[in-house]
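# Structural overview
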Amino acid sequence: MTHSTPELAALSAAIRDVPDFPKPGILFKDITPILNDGALFQQTIDTLTAAAANHMPNKIVGIDARGFIFGAAVADRLGVGFVPMRKKGKLPWQTLSQSYALEYGEAILEVHEDAILPGERVVIVDDLLATGGTAAAAAQLISQLNADLASFIFLIELEALQGRDLLGETTITSLLRY
Ligand SMILES: O=P(O)(O)OC[C@H]1O[C@H](OP(=O)(O)OP(=O)(O)O)[C@H](O)[C@@H]1O
Ligand SMILES: Nc1ncnc2[nH]cnc12
């Protein structure tokens with residue numbers, strides 16, 4: 001797949017395709033080479049931050065675990081709070097829960113019930129949109145907290161899996177589409 005700028009092409013070139021991980025038939029996109037390269041990581045956070053800033057969020061939500069890496073860096077750049085949505089059993093305070101299916105399994109996502117206030121503007125940042133199950137579960141939790149989901153922002157979108165069809169009318173930005 002071609003990408004629109006030399007910067008995005010460089011990010012795309014760094015991502016490793018790993019066949020049959022974690023299950024037969026899955027082509028896994030390994031983003032760790034981007035993290036390993038200071039210039040590429042910085043450029044990724046620059047671009048994700050610019051996309052998030054357009055929506056003037058009060059909070060950035062990051063999804064366990066790769067979403068934490070990108071979401072926390074974006075929140076720091078914007079000077080807004082970061083909200084971790086974690087897999088079941090990891091958060092210590094009162095939580096809301098949502099079960100979901102993802103490309104290679106099922107899980108339960110949780111958020112602290114006081115982490116996002118009613119009416120706050122929230123942007124979800126994650127590394128990858130595949131089937132959309134994870135992002136849809138995160139959106140459900142934001143809705144249960146009566147907050148305003150302004151946008152989804154992904155580094156990678158696997159278009160063939162049509163994940164955006166699960167995400168309703170909310171704006172979606174993905175930097176690299178395959
Ligand atoms: O669109 P979907 O089909 O729901 O898949 C996308 C999700 O899958 C990966 O997370 P994973 O649950 O593998 O957790 P990890 O970040 O701990 O690897 C990825 O980071 C997304 O959150
Ligand atoms: N194909 C894939 N590669 C990396 N992360 C994923 N999360 C869900 N599907 C994935």
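Up top you'll find the structure we're talking about.
Residues numbered from 1 in each chain as written. Chains lettered and ligands numbered in written order. Predicted model: local features only at pLDDT ≥ 70, side-chain atom pairs only at ≥ 80, totals over all residues. Heavy atoms only, no water.

## So, the site of ligand 2
Quick reminder of the rule: The nearness test applies per residue and asks whether one of its heavy atoms lies within 4 Å of the molecule or strand. Whenever a nitrogen or oxygen atom comes within 3.5 Å of another N or O atom, the pair is scored as a polar contact, on the condition that within protein one atom can donate a hydrogen and the other can accept it, and that pairs from neighbouring residues in sequence are kept only if both atoms are in side chains. Every accessible area reported is derived by Shrake-Rupley at a probe size of 1.4 Å, with residue values counting cover from the shown protein chains alone. A 1.4 Å probe that fits into a set of points on a 1 Å grid over the protein atoms alone but cannot get out defines a cavity; an open set with protein on both sides within 12 Å along at least five of seven lines defines a pocket, and lining residues are those with an atom within 4 Å of a point. To decide whether a molecule occupies a pocket or cavity, check its atoms: if more than half lie within 2 Å of the grid points, it is inside. Numbering of helices and strands runs from the N terminus; a helix is a DSSP stretch of H or I covering at least four residues, while a strand is a stretch of E covering at least two. Think of it as three bins: nonpolar holds Ala, Val, Leu, Ile, Met, Phe, Trp, Tyr, Cys and Pro, charged holds Asp, Glu, Lys and Arg, and polar takes everything else, Gly as well.
In the vicinity of ligand 2, the contacting residues are Ile26, Leu27, Phe28, Lys29, Arg66, Glu103, Tyr104, Leu128, Ala130 and Leu158. Between a nitrogen atom of ligand 2 and a side-chain N or O atom of Tyr104, the distance comes to 3.1 Å. Taking 260 Å² as the accessible area of ligand 2 by itself, protein coverage stands at 95%. Among the cavities detected, the one that contains ligand 2 is the largest pocket. No other element matches strand S2 (residues 27-30), which puts 3 residues into the shell around ligand 2. The residue makeup of the shell around ligand 2, split by class, is 7 nonpolar, no polar and 3 charged.

## Some thoughts on the pattern of salt bridges
Condition: Any carboxyl oxygen of Asp or Glu that lies within 4 Å of a side-chain nitrogen of Lys or Arg is treated as forming a salt bridge with it. Only protein chains enter the accessibility calculation, which uses a 1.4 Å probe; a residue whose area is less than 20% of its type maximum is buried, one above 50% is exposed, and one in between is partly exposed.
What the rule picks out here adds up to 10 salt bridges. We note a salt bridge from Lys29 to Asp17, for which the minimum N-O separation is 2.8 Å. Placement of the pair is Lys29 in strand S2 and Asp17 in strand S1 (residues 16-19), with a sequence separation of 12 residues. Judged by relative accessible area, which is 8%, Lys29 ranks as buried. The class of Asp17 is partly exposed, set by a relative accessible area of 42%. A salt bridge links Asp46 to Arg77, with the shortest nitrogen-to-oxygen separation between them at 2.7 Å. Of this pair, Asp46 sits in helix H3 (residues 38-53) while Arg77 is found in helix H4 (residues 66-78), placing the two residues 31 residues apart along the sequence.

## Quick notes on the sheet that holds strand S4 (residues 81-87)
Remark on secondary structure: sheet strands pair via backbone hydrogen bonds, oriented parallel or antiparallel. Short version of the rule: Only when DSSP finds a minimum of two bridges between them are two strands counted as paired. To get an axis, fit a line to the C-alpha atoms, keeping to the stretch in contact for a helix; angles then go from 0 to 180 degrees between the N-to-C directions.
Read from one edge of the open sheet, 7 strands run S5-S6-S4-S3-S7-S8-S9, paired in mixed fashion. Two strands close off the open sheet at either side, each with one partner strand: strand S5 (95-102) and strand S9 (171-177). Averaged over all pairs of adjacent strands, the angle between strand axes in this sheet comes to 25 degrees, irrespective of strand direction.

## A short note on helix H1 (residues 6-14)
Our working rule: Arc, as used here, means the arc of the directions from the helix axis to the C-beta atoms. Note on contacts: a residue pair qualifies if any of its non-hydrogen atoms lie within 4.5 Å across the two residues.
Looking at H1, one finds that the buried residues are Leu8, Leu11, Ser12 and Ala14. Taken down its axis, H1 places every buried residue within 160 degrees of arc, on the same side. The exposed residues of H1 that point more than 90 degrees off its buried face are Pro6 and Ala13. Packed against the buried residues of H1 are S1, helix H2 (32-35), H3, strand S8 (148-157) and S9.

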